[in-house]
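# Coordinate analysis (summary)
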Protein chains: 2
Amino acid sequence: MLNQKNVELGKVRSSIRELFEYGKKRKAEIGEEKVFDFSIGNPSVPAPPEVRSALAEIIENTDPVELHGYTSAQGNYEVRKILADYTNKRFNTSLNADCFYMTCGAAASLTIALNALLNDGDEVIAFTPFFPEYRVFVENAGGKFITAESENRTFQINFKNLENSLTVKTKAVIINSPNNPSGVVYGADVIKRLSYTLENHYNKCGNRVYIICDEPYRELVYDRQTEVPYIMNYYHYSLVCYSYSKSLSLPGERIGYIAVDSQMPGFSDLYAAVCGAGRALGFVCAPNLFQRLIARVYDKTSDISVYKKNRDLLYASLKEYGFEAVKPDGAFYMFVKSPEPDAVAFAERAKKYELLIVAGNDFGCNGYVRISYCVNPDMLRRALPAFKALAESYK
Amino acid sequence: MLNQKNVELGKVRSSIRELFEYGKKRKAEIGEEKVFDFSIGNPSVPAPPEVRSALAEIIENTDPVELHGYTSAQGNYEVRKILADYTNKRFNTSLNADCFYMTCGAAASLTIALNALLNDGDEVIAFTPFFPEYRVFVENAGGKFITAESENRTFQINFKNLENSLTVKTKAVIINSPNNPSGVVYGADVIKRLSYTLENHYNKCGNRVYIICDEPYRELVYDRQTEVPYIMNYYHYSLVCYSYSKSLSLPGERIGYIAVDSQMPGFSDLYAAVCGAGRALGFVCAPNLFQRLIARVYDKTSDISVYKKNRDLLYASLKEYGFEAVKPDGAFYMFVKSPEPDAVAFAERAKKYELLIVAGNDFGCNGYVRISYCVNPDMLRRALPAFKALAESYK
């Protein structure tokens, strides 16, 4: 008798992966250029040129024993120091190198953070729509996954729903801003009210709730006025789970970090728990070469203007065709209302127009679909008539 | 209330790490060249030159979107195909690409394998002396860690002890050959008898026991006649947990794999459980660049003749000074009998001679110390008078 939960997890692909695989098959059947694949969140813009040159330079000029050797479990000290200084300068925080723990990307950041925090039966709240793997990560860490429905249409936090979801067993709230799949960003007002609500909950029942801030999309915002508040400036009981997968287009290399606020009472225990969880899950250390890379390109991003142009074109066009969507402030996803109640049926009908879009059900939100616009701009332009025809099929 | 187990794990460094940190401090006090650090298993020989040239070539000539993008969760198909073909040729197996699952190194291979197999309360047996993290990994996967004492002096499997340890709850046996910390290799006879014992256990009580074969040291054997049997040729219910950390001197880059025997009844469920466990633990995929590297250097090793010379010199010298040790057939560790019953006291006394060696207690074996001889040969030569003086202090 194997671990049945993991057998099932391994057998059932996420619906996103399922659609992605269908797309590969379909392209082989009718030709690459005839399929419009908006299924997956794989950056379409290359890493900035500094990545290639820095990698080449590091490999050429570093002693291989040092370059490829173990780093400390938390990560190379110099790298963490650079990240602390940069974060302090950028967000006016007062972190030091030992607030940072380098990880193998955002998923690792999340599983480590959850395993550091949770005891069996603890509850973790996420807001709809949410990244589906949250449920897998929370349950694997022994927790119970609780969803709180967001505001209709805006997908901002509905505080009444949050308050109703908080219990004495709530250990953490996950926020993800900019959001996958909606692209919504929480402004300072929302973050303030969230902090107030959790503080209030603590005052009422003595239960401390942590905020896990999952922010792989922090750098992907498109309008000058959009600010993504830095959680530690509002709430000390926070863990920032960061990844360079999307900002530097390095999703396959697995590099990110967890930052813990040293001003939090109980900081040293929490940081120790992060180290212990990383150890128990088998992470040892984040890849040395990519840690060194980050020390040189931490303030760079891929050319995100491509995503912005895609967003603007897609949003304007869908609106023109009669679709209803939230205009995404960030990330590279658009959440579009299904013209029929069942979004699965809508996504199925889209397939007839060779449009691959993901039904919102796995994100905890039926009635919507996710369109990933991290795609070749040319493909997007060629797909517009298909979106138009799809809209018209509902008239 | 955080997860206290992980808080403790993060606070208490392993005794190996503790000694390594002491060594760093001591070197700063009295000078690098005066401290003889045999504490840690960090390869001292650089990666073979092919690693640098292949990395440079891949970075120069691969489209960055493809190079740094996600691979499938199991790993890049071409890489897995190459590994399957190579394994088949080398060990006369009949594996295919879908028997392989690329991982972030040996620790990841082990935690994924254990989470694939174990249900809460399942027992996992390891033989003394064992790598201390086994206990951490097994317990984190919900299992109970059981140790079976090996034969005195030879550290081969004691089958009476194994039989006494097997129960209806035994889910797996971990073997590690060449062994950390003893350097002992299990020959074909031992592997045959182990397979027979587990098959016999199944016939008696219907409980199937898997073998987890942890082999980061497979390539590190020093005598032509030493063969490391390939477990799948003896027992189908096996998972091979491989890592390139030691063979290619890449411990900080985290690259390895799990291989599962497709001839095993129930193979597809087990492989699915491996995929599911990797997903639930947050691994997503092994680093893309290093997967591609492995496709080019899978049959290379660092210059292990350095370790062989170290072994020969250290073994001959310790014997001459009156120490008793198992001559290691592989890995880069020597397990030496403490001249006093308490190995911790012995290791403490060694410190007075600036010799950093690890007491065997954490490896489940008091009365012995581990000497890591993956060190600069010059340092080893300079350390010999200290070993001699240490020996004489007991006369």
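Here, residues in each chain are numbered from 1, in the same order as that chain's written sequence. Key to labels: chains lettered from A, ligands numbered from 1, both in the order written. In view of the model being predicted, local features appear only for residues whose pLDDT reaches at least 70, and side-chain atom pairs are presented and counted only at 80 or more, with totals across whole chains, interfaces and linings using the full set of residues. Where side-chain values are given, they derive from all heavy atoms of the structure, hydrogens and water being excluded.

### Let's talk about the interface of chain A and chain B
Residue contacts follow a heavy-atom distance rule, with two residues in contact if any of their heavy atoms lie within 4.5 Å. Between chain A and chain B, the residue contacts involve 73 residues of the former and 73 residues of the latter. Carbon and sulfur atoms make up 55% of the surface buried where chain A meets chain B, a total of about 5,700 Å² over both sides. Two parts lose some accessible area (1.4 Å probe) when they are put together, and adding that loss for both gives the buried area. Three residues, His68(A), Tyr70(A) and Arg279(A), lead the burial of chain A against chain B; their summed loss comes to 14% of the area buried on that side. Whenever Lys or Arg places a side-chain nitrogen within 4 Å of a carboxyl oxygen from Asp or Glu, that contact is recorded as a salt bridge. Counting across the interface, chain A meets chain B through four salt bridges.

### Concerning the packing of helix α7 (residues 133–140) of chain A against helix α10 (residues 267–281) of chain B
At their nearest, the axes of α7(A) and α10(B) sit 8 Å apart, and the two run at 90 degrees to each other. The angle between the axes of α7(A) and α10(B) places the two elements in the roughly perpendicular class. Between α7(A), through Glu133(A), Val136(A), Phe137(A) and Asn140(A), and α10(B), the contact on the second element is made entirely by Arg279(B), Ala280(B) and Leu281(B). The axes used here are C-alpha line fits, helices contributing only the stretch in contact, and every angle between their N-to-C directions lies in the interval 0 to 180 degrees. Working definition: helices are DSSP H or I runs of at least four residues, strands are E runs of at least two. Numbering for both runs from the N terminus. What sets the label is the angle itself: under 35 degrees gives roughly parallel, over 145 gives roughly antiparallel, 65 to 115 gives roughly perpendicular, and the rest give oblique.

### Points about unusual backbone geometry
A cis amide bond, omega -10 degrees, links Thr128(A) with the succeeding residue Pro129(A). Mapped onto the elements, Pro129(A) comes out in the loop between β3 (123–127) and α7. Backbone torsion omega between Ser177(B) and Pro178(B) reads 0 degrees, so that peptide bond is classified as cis. Even without a glycine there, the phi angle at Ser249(A) is positive, about 55 degrees. Take Ser249(A): it is sitting in the loop between β7 (238–243) and β8 (256–260). A positive phi is found at Asn92(B), a non-glycine position, where the angle reads about 60 degrees. As for its position among the elements, Asn92(B) is in the loop between α5 (77–91) and β2 (100–103). For Asn92(B), a relative accessible area of 68% puts it in the exposed group. Working definition: with a 1.4 Å probe on protein chains only, accessible area under 20% of the residue-type maximum means buried, over 50% means exposed, and in between means partly exposed.

### Quick look at empty space enclosed by the protein
Only protein atoms enter the 1 Å grid used here. Points where a 1.4 Å probe fits but cannot escape make up a cavity, open sets with protein on both sides within 12 Å along at least five of seven lines make up a pocket, and a residue lines them when an atom lies within 4 Å of a point. Grid points are joined across faces, edges and corners, and a volume is the space filled by probe spheres set on the points. All told, the structure shown has seven cavities of 30 Å³ or more when counted by the stated rule. Considered as a void within the structure, the largest cavity measures approximately 100 Å³ in volume. Along the walls of the largest cavity sit 13 residues, with Tyr86(B), Thr87(B), Arg90(B), Tyr242(B) and Tyr257(B) positioned nearest its centre. Considering only residue class, the lining of the largest cavity consists of eight nonpolar, one polar and four charged. Of the voids in this model, the second largest cavity is the one considered here, and its volume is about 80 Å³. Taken together, Leu83(A), Tyr86(A), Thr87(A), Arg90(A), Phe91(A), Arg218(A), Glu219(A), Tyr230(A), Tyr242(A), Tyr244(A), Tyr257(A) and Tyr298(A) make up the lining of the second largest cavity. Gly counts as polar in this scheme, as do all residues outside two lists: the nonpolar Ala, Val, Leu, Ile, Met, Phe, Trp, Tyr, Cys and Pro, and the charged Asp, Glu, Lys and Arg.

### Concerning the relation of the copies chain A and chain B
Copies are brought into register by a least-squares superposition over C-alpha atoms of residues with pLDDT of at least 70 in both. Overlaying chain A on chain B yields an RMSD of 0.0 Å, the required transformation being a rotation through 180 degrees with an accompanying axial translation of 0.0 Å. Within this description, the copies of the chain are treated as partners about a two-fold rotation axis. Every residue of chain A has its C-alpha some distance from the rotation axis, and the shortest such distance is that of Ala56(A), at 3.0 Å.

### Remarks on the packing of aromatic side chains
Residue and element names in this part refer to chain A. To pair, rings of Phe, Tyr and Trp, with the six-membered ring standing in for Trp, must have centres within 6.5 Å; the planes then decide the type, stacked if under 30 degrees apart, edge-to-face if over 60, and tilted in the middle. Tallied over the full model, the rule gives 46 aromatic pairs over all chains. Each ring, one from Phe335 and one from Phe363, has its centre 6.4 Å from the other, and the planes form 85 degrees; the classification is edge-to-face. Taken as a pair, Phe335 in strand β9 (residues 333–337) and Phe363 in the loop between β11 (358–359) and β12 (368–372) lie far apart in primary sequence, 28 residues in all. For the pair Phe335 and Phe363, one class covers both residues: buried.

### Some details on the pattern of salt bridges
Oppositely charged side chains can form a pair if their charged atoms are brought close together. Residues and elements named next belong to chain A. Enumeration over the complete set of coordinates arrives at 44 salt bridges over all chains. A salt bridge links Arg80 to Asp98; the shortest N-O distance between them is 2.8 Å. Of this pair, Arg80 sits in helix α5 (residues 77–91) while Asp98 sits in the loop between α5 and β2 (100–103), and the two are 18 residues apart along the sequence. Taking relative accessible area as the criterion, Arg80 reaches 3% and is therefore assigned buried. Residue classification places Asp98 among the partly exposed residues on the basis of a relative accessible area of 37%. The structure contains a network of salt bridges with shared partners spanning Asp223, Lys308, Arg311 and Asp312.

### Some words on the sheet that holds strand β4 (residues 144–148) of chain A
Residue and element names in this part refer to chain A. We call two strands paired when DSSP finds no fewer than two bridges between them. The sheet built from seven strands is open, its strands ordered β2-β8-β7-β6-β5-β3-β4 with mixed pairing. The open sheet terminates on both sides in strands that have one partner only, identified here as β2 and β4. Pairs of neighbouring strands in the sheet enclose a mean axial angle of 20 degrees, with direction left out of account. As judged from the five bridges shared by β7 and β8, these two strands associate in the antiparallel manner. Directly across from Tyr242, in β8, lies its bridge partner Tyr257. Together, β3, β4, β5 (170–175) and β6 (210–214) form the strand contacts of α7, whose direction differs from that of β4 by roughly 145 degrees. Here helix α9 (residues 188–205) sits on the sheet and contacts β3, β5 and β6; the angle it forms with β5, its principal contact strand, is near 175 degrees.

### Regarding α10(B)
Residues and elements named next belong to chain B. The terminal C-alpha atoms of α10, which comprises 15 residues, lie 21 Å apart, in line with the 21 Å expected from a rise of 1.5 Å per residue. The set of residues buried in α10 consists of Phe267, Leu270, Tyr271, Ala272, Ala273, Val274, Cys275, Gly276, Ala277, Gly278, Ala280 and Leu281. Once α10 finishes, Gly282 follows within two positions and takes phi at roughly 95 degrees, a positive value. By this rule, a helix spans an expected 1.5 Å times one less than how many residues it contains.

### A word on the environment of Cys213(B)
All names here are of chain B. Among the secondary structure elements, Cys213 is positioned in strand β6 (residues 210–214). For Cys213 and Ala272, which are 59 residues apart along the polypeptide, the C-alpha to C-alpha distance reads 19 Å. If near-sequence neighbours (up to four positions away) are discounted, Cys213 is found in contact with Ile175, Ile231, Leu239, Val240 and Cys241.

### Focus: the confidence of the model for chain A
One number per residue, pLDDT, summarises how confident the predictor is, and it ranges from 0 to 100. Predicted confidence across chain A gives a mean pLDDT of 96, with 100% of residues reaching 70 or more. Interface confidence for the predicted complex, expressed as ipTM, amounts to 0.96; the pTM equals 0.97.

### With respect to the side chain of Ser243(B)
All names here are of chain B. One can find Ser243 in strand β7 (residues 238–243). Counted as a polar contact is a pair of N or O atoms within 3.5 Å, where, for protein atoms, one must be capable of donating a hydrogen and the other of accepting one, and residues adjacent in sequence contribute only when both atoms are in side chains. A polar side-chain atom of Ser243 sits 2.9 Å from the main-chain amide nitrogen of Ser245. Among all residues touching Ser243, those that are not within four sequence positions of it are Gly105, Ala106, Pro216, Ile255 and Gly256.

### Looking at the pairing of strand β3 (residues 123–127) of chain B
Residues and elements named next belong to chain B. A large share of β3 lies buried, amounting to five of its five residues. Here β3 shows no split at all, with Glu123, Ile125 and Phe127 on one side and Val124 and Ala126 on the other all buried. Of the strand pairs in this sheet, β3 and strand β4 (residues 144–148) are connected by five bridges, and their pairing is parallel. Directly across from Val124, in β4, lies its bridge partner Phe145. Looking at chain direction, β3 and strand β5 (residues 170–175) are connected through four bridges and run parallel. Pairing of Glu123 across the sheet is with Thr170, part of β5.

### Topic: the packing of α5(B) against helix α11 (residues 288–297) of chain B
All names here are of chain B. Where α5 contacts α11, the axes come no closer than 9 Å and their chain directions differ by 35 degrees. You can see that α5 and α11 cross each other, and the crossing is left-handed. Listed contacts from α11 to Val79, Ile82 and Leu83 of α5 are Gln291, Arg292, Ile294 and Ala295. Take the far helix as your reference; a near helix turned counterclockwise from it by less than a right angle gives a left-handed crossing, and one turned clockwise gives a right-handed crossing.

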